[in-house]
Amino acid sequence: MINLSELARQLQPQIESDLWKPVGQAAVVMALRRVAERLPQQPSRGISLVHKTGELTTRTELTEYTFRNSDSIHECHRELLAKAEPLRGAFVTVTRGVNEVMVICSRVLMPVVEEVFAGERLLARQDDLNAVTLHLNPDTSRESGIYHAILKQLAWDKINLVNMICTYTELTILLKQEQTGAAFSVLSRLAMH
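We now turn to the structure provided with this report.

What counts and how
- Residues numbered from 1 in each chain as written.
- Predicted model: local features only at pLDDT ≥ 70, side-chain atom pairs only at ≥ 80, totals over all residues.
- Heavy atoms only, no water.
- Pairing = 2+ DSSP bridges.
- Helix = DSSP H or I, 4+ residues; strand = E, 2+ residues; numbered from the N terminus.
- Axes fitted to C-alpha atoms, helices over the stretch in contact; angles between N-to-C directions.
- Contact = heavy atoms within 4.5 Å.
- Salt bridge = Lys/Arg side-chain N within 4 Å of Asp/Glu carboxyl O.
- Buried < 20%, exposed > 50% of the residue type's maximum accessible area, 1.4 Å probe, protein only.

Looking at the sheet that holds strand S3 (residues 100-106)
In step 1: Ordered in space as S2-S3-S1-S4-S6-S5, the six strands form an open sheet in which the pairing is antiparallel. Each end of this open sheet is capped by a strand with a single partner; those strands are strand S2 (92-96) and strand S5 (163-166). On average, each strand axis in the sheet is tilted by 25° relative to the strand beside it, whichever way the strands run.
In step 2: As paired elements, strand S1 (residues 56-68) and S3 share seven bridges and run antiparallel to each other. Its bridge partner being in S3, Phe67 is matched across the sheet by Val101.
In step 3: Together, S1, S2 and S3 form the strand contacts of helix H3 (residues 73-84), whose direction differs from that of S2 by roughly 165°.
In step 4: Relative to the sheet, helix H5 (residues 146-156) contacts strand S4 (122-135), S5 and strand S6 (170-176), its axis offset from that of S6 by approximately 20°.

Spelled out as structure tokens, the structure:
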């Protein structure tokens, strides 16, 4: 979707420069409309996001920790997973980047994370987060634009993501509690198509 008036406004200075004369914005809009009419229409096909409708999962009361990567952090990761194992239902995910390690966990695991990573350098911490997980059809991994379509709709509705976690058949978005309802609504609409 393109706003032709805004595009014309942006193109107008370059067109005037190329033609060496003033050009009206309305003329640029009309030219863009004519070009758009001649473009071949793309067949619209739905994106299959989920196996069945309603496959959304929410998790509340999460905290995100970001630590500086170190030589000892791998051992912290292993210890955290071992201590989290008996706590069935507790949410924990660890992502290792080049320079940072991110831990997202349920409130019940916060003392464990803080104990296990006590010797590591904490770069950031965000509390009061929720996660919404959209369960994807395995075939979506072969389709281009799946994540773009989802993120575009979330941005269109002014939903600010704190983070995003992807696995083979799951897309989890992490956001502030006050944005959870709006995000759930957007993802529900996408899942029902």
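Picking up where we left off.
Comments concerning the pattern of salt bridges
In step 1: Inspection of the entire model under this criterion finds eight salt bridges.
In step 2: When the shortest N-O distance is used, the salt bridge between Lys83 and Glu79 registers 3.3 Å. Taken as a pair, Lys83 and Glu79 lie in helix H3 at a separation of four residues, close to a single helical turn.
In step 3: Glu85 is the salt-bridge partner of Arg88, the closest N and O atoms lying 3.0 Å from each other.
In step 4: When its relative accessible area of 70% is taken as the criterion, Arg88 is described as exposed.
In step 5: You can call Glu85 partly exposed: its relative accessible area is 45%.

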